[in-house]
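The chain contents come next:
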Amino acid sequence: MPTDVIMPQMGESIFEGTITKWLKQPGDRVEKDEPLFEISTDKVDAEIPSPVSGTLIEIRAHEGATVEINAVVGVIGDSQPASTPQAVASPQASGGTEVVMPQMGESIFEGTITKWLKKPGDAVENDEPLFEISTDKVDAEIPSPASGTLTEIRFQEGETVHINTVVAIIGGGAPTQAAAASQETSRATSQDTSQAAPLAAPQAPQKLRSSPLVRRIAREHAIDLSRVPGTGSEGRITKEDILRYMSQPASASRPAAMPQTAAGDRVVPMSRMRAIIGQRMVESLAISPHAHTVYRVDMTRVARLRERERAGFEQRNGVKLTYMPFIAAAAVRALQKFPIVNSSLIDGNIHYHGSIHLGIAVALEGGLIVPVIREAQRRSFVDLARAINDLALRARNKKLNPDEATGSTFTLTNSGVFGGEFGTPIINQPESAILAIGGLRKEPVVLTDAEGNDTIAIRSMQYYCLGLDHRVIDGADGGKFMLEFKGALENWDQAIG
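Residues numbered from 1 in each chain as written. Predicted model: local features only at pLDDT ≥ 70, side-chain atom pairs only at ≥ 80, totals over all residues. Heavy atoms only, no water.

Before going further, it helps to spend a moment on the overall build of the protein. Tallying secondary structure elements over the protein gives nine helices and 27 strands in all. A total of 497 residues make up the protein; the buried ones form 41% of that total. Sequence-distant contacts, at least 24 apart, represent 60% of the contacts inside the protein between residues at least 6 apart. Within the structure as shown, the protein displays about 26,700 Å² of accessible surface, and the carbon and sulfur contribution to it stands at 51%. (Helix = DSSP H or I, 4+ residues; strand = E, 2+ residues; numbered from the N terminus. Buried < 20%, exposed > 50% of the residue type's maximum accessible area, 1.4 Å probe, protein only. Contact = heavy atoms within 4.5 Å. Areas by Shrake-Rupley, 256 points an atom, 1.4 Å probe, with all protein chains shown as cover.)

Summarising the sheet, strand β12 (residues 123–124) and strand β15 (residues 148–153) pair through two bridges and their orientation is antiparallel. Looking at β15, one finds that alanine 123 is bridged to threonine 149. By the bridge criterion, three bridges tie β15 to strand β17 (residues 166–170) in an arrangement that is antiparallel. Each residue of the ladder has a partner; that of isoleucine 153, found in β17, is alanine 168. (Pairing = 2+ DSSP bridges.)

Next up on the list: the environment of arginine 29. Structurally, arginine 29 is set in strand β3 (residues 29–30). Taking C-alpha positions, arginine 29 is 9.2 Å from isoleucine 76, a pair spaced 47 residues apart along the chain. Once residues within four sequence positions are removed from consideration, arginine 29 is found in contact with Lys24, Glu34, Ser53, Gly54, Thr55 and Asp78. A distance of 3.5 Å separates a polar atom in the side chain of arginine 29 from a polar atom in the side chain of glutamate 31. (Polar contact = N/O pair within 3.5 Å; in protein donor to acceptor, adjacent residues only side chain to side chain.)

Strand order across the open sheet formed by four strands is β1-β8-β6-β3, with antiparallel pairing between neighbours. This sheet does not close on itself; its edge strands, each paired only once, are β1 (3–6) and β3. The sheet contact formed by strand β6 (residues 54–59) and strand β8 (residues 72–77) spans four bridges and is antiparallel. When the sheet's bridge partners are listed, threonine 55 is paired in β8 with glycine 77.

The next thing to look at is helix α8 (residues 381–396). In this model, α8 (16 residues) spans 23 Å end to end at C-alpha, consistent with the 22 Å of a helix rising 1.5 Å per residue. Within α8 the residues assigned to the buried category are Phe381, Val382, Leu384, Ala385, Ala387, Ile388, Leu391, Ala392, Arg394 and Ala395. Positive backbone phi, at 60°, marks lysine 398, one or two positions downstream of α8. (Expected span 1.5 Å × (residues − 1).)

All right, on to helix α7 (residues 324–337) then. Between its first and last C-alpha atoms α7 spans 20 Å; for 14 residues at 1.5 Å apiece the expected length is 20 Å, and the two agree. Burial of α7 is extensive: 11 of the 14 residues sit out of reach of the surface. Every buried residue of α7 is listed here: Met324, Pro325, Phe326, Ile327, Ala328, Ala329, Ala330, Ala331, Val332, Ala334 and Leu335.

Moving on, we come to the confidence of the model for the protein. Residues shown with low pLDDT carry predicted positions that ought not to be read at fine detail. With 80% of its residues at a pLDDT of at least 70, the protein reaches an overall mean of 82. Summarising per-element confidence for the protein, the mean pLDDT is lowest in helix α4 (residues 250–253) (47) and highest in α7 (98). Confidence drops under a pLDDT of 50 for residues 79–84, and excluding neighbours within four residues, the segment shows eight contacts in the predicted structure. Here residues 189–205 is modelled with pLDDT under 50, and outside its nearest four sequence neighbours on either side it reaches 10 contacts, counting other chains as well. (pLDDT = per-residue confidence, 0-100.)

The subject of this paragraph is the packing of aromatic side chains. Applying the stated criterion across every chain yields a total of nine aromatic pairs. Relative to phenylalanine 381, the ring of phenylalanine 313 has its centre 6.0 Å away and its plane inclined at 85°; by these criteria the two rings are edge-to-face. Placement of phenylalanine 313 in helix α6 (residues 300–317) and of phenylalanine 381 in helix α8 is noted, with a sequence separation of 68 residues between them. Seen in terms of ring centroids, phenylalanine 422 and tyrosine 463 are 6.1 Å apart; in terms of plane orientation they differ by 45°. Their pairing is tilted. Here phenylalanine 422 is found in the loop between β25 (410–413) and β26 (433–448), whereas its partner tyrosine 463 is found in strand β27 (residues 454–469), with 41 residues between them in sequence. Of the aromatic side chains, those joined through ring pairs into one cluster are Phe313, Phe326, Phe381 and Trp492. (Phe/Tyr/Trp six-rings, centres within 6.5 Å; stacked < 30°, edge-to-face > 60°.)

Looking now at the nonpolar core. Grouped together as the largest cluster of nonpolar side chains are 56 residues, with contacts concentrated most on Phe410, Leu412, Tyr464, Phe485 and Leu489. For this core, the element with the highest residue contribution is α7, accounting for 10 residues. Excluding residues within four positions of it along the chain, leucine 412 makes contact with Met324, Ile327, Ala328, Ala331, Leu358, Gly359, Ile360, Ala361, Leu435 and Ile437. Membership of the second largest hydrophobic core comes to 17 residues, among which are Ile113, Val124, Phe131 and Val161. (Core = buried A, V, L, I, M, F, W, Y, C linked by side-chain atoms within 4.5 Å.)

So this is what it looks like as structure tokens:
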């Protein structure tokens with residue numbers, strides 16, 4: 001008797017796993033406790049042994065698929081692999097052969113026709129693929145049970161049909177009135193019996209097909225998946241579908257919480273820029289497990305230097321001396337010492353970038369853009385100041401070249417420009433980290449001298465929040481980076497030109 005192979009639970013808080021590699025293929029012999037496939041979860045990577053000895057008949061979840069615990073991922077039989085499920089043929093009075101929906105497993109009672117590989121009038125050979133179906137457990141090509149001409153298709157692509165229901169006819173003449181009546185009967189039989197009894201309980205809604213990731217996004221953002229149009233096979237909701245839905249204006253994607261009819265209300269269509277920003281932010285949150293760490297930095301040394309040198313700096317270099325080049329230079333120094341923070345996770349590999357392309361988020365009217373300072377590690381303090389000023393000015397005047405707003409490896413965003421303490425930024429993909437700059441203000445601070453004596457002084461203090469992709473950067477690496485960044489600002493020793 002076939003044995004289901006299920007996704008095991010690897011810990012109390014683990015509810016799904018990703019199949020990274022199958023160590024056996026359908027038709028291979030496998031012994032009990034022999035490694036069968038490899039999985040990866042949030043906590044552990046592991047080889048999963050076979051529960052029994054036998055032949056691997058079927059793989060239901062392929063490499064790269066994320067599967068909930070206890071879901072069937074494969075089937076092991078006692079002998080050789082079972083033959084491909086085949087549509088059952090039965091003779092028809094008119095001489096044709098009925099093609100019925102096959103049963104794909106003991107617990108499967110219906111299937112959805114996803115594609116017809118032949119159309120009425122086409123010749124078809126015995127065992128030649130005739131149509132494709134999808135069930136809760138498997139997608140499969142169904143071969144023809146007989147040779148002849150496909151004379152009739154009774155269910156179209158996208159329709160869900162009960163097992164043993166006639167879906168097509170091979171051979172025989174054109175459908176007669178009796179056959180047409182039979183067809184209507186078959187359609188009625190394949191649907192819920194509640195349709196024949198209007199006073200009965202309403203028909204249960206068709207099961208929504210989606211991945212665990214999609215369902216997690218829906219839970220986190222309180223989204224009703226029944227409102228999300230699915231573009232995958234037989235309407236499966238993909239990650240792209242739910243992200244697209246979330247990026248749409250509320251009025252277009254889902255019913256408004258309140259009618260927009262009250263006096264004084266104003267409805268403005270979301271701009272293309274806002275829609276793209278929303279889509280990118282949702283994508284980033286779905287892609288990267290975000291973690292944040294906040295550090296309080298004493299900016300007094302920098303503030304005094306800036307106040308003392310700002311007039312002369314502007315006269316010598318033709319650009320105002322702001323705090324941003326100090327922050328950028330300190331970030332570059334920390335990135336050089338901890339290159340993992342300047343990396344990207346691409347196709348399962350961590351790419352350590354050879355150069356630091358520093359993104360500087362610039363607020364625009366109704367939007368945001370991130371111009372990029374390339375090769376920031378090669379630039380002097382004056383070069384950084386000029387580049388920051390130039391890019392920000394041209395960004396606000398819509399004068400940036402397309403390549404000047406792409407390719408960043410690390411981003412700075414000034415969430416404290418309006419006085420906020422700090423922000424928890426969303427990572428600019430495919431980067432692995434982003435640094436939010438908080439508001440700068442004078443505060444009373446306890447200072448301890450070399451002898452351990454405490455005094456209270458007025459200092460210029462600023463909060464910084466590092467957002468990091470926890471797949472790539474651990475908290476310890478984030479902390480080391482922030483300590484280096486903090487030390488560079490609190491003990492500033494670089495010439496500013």
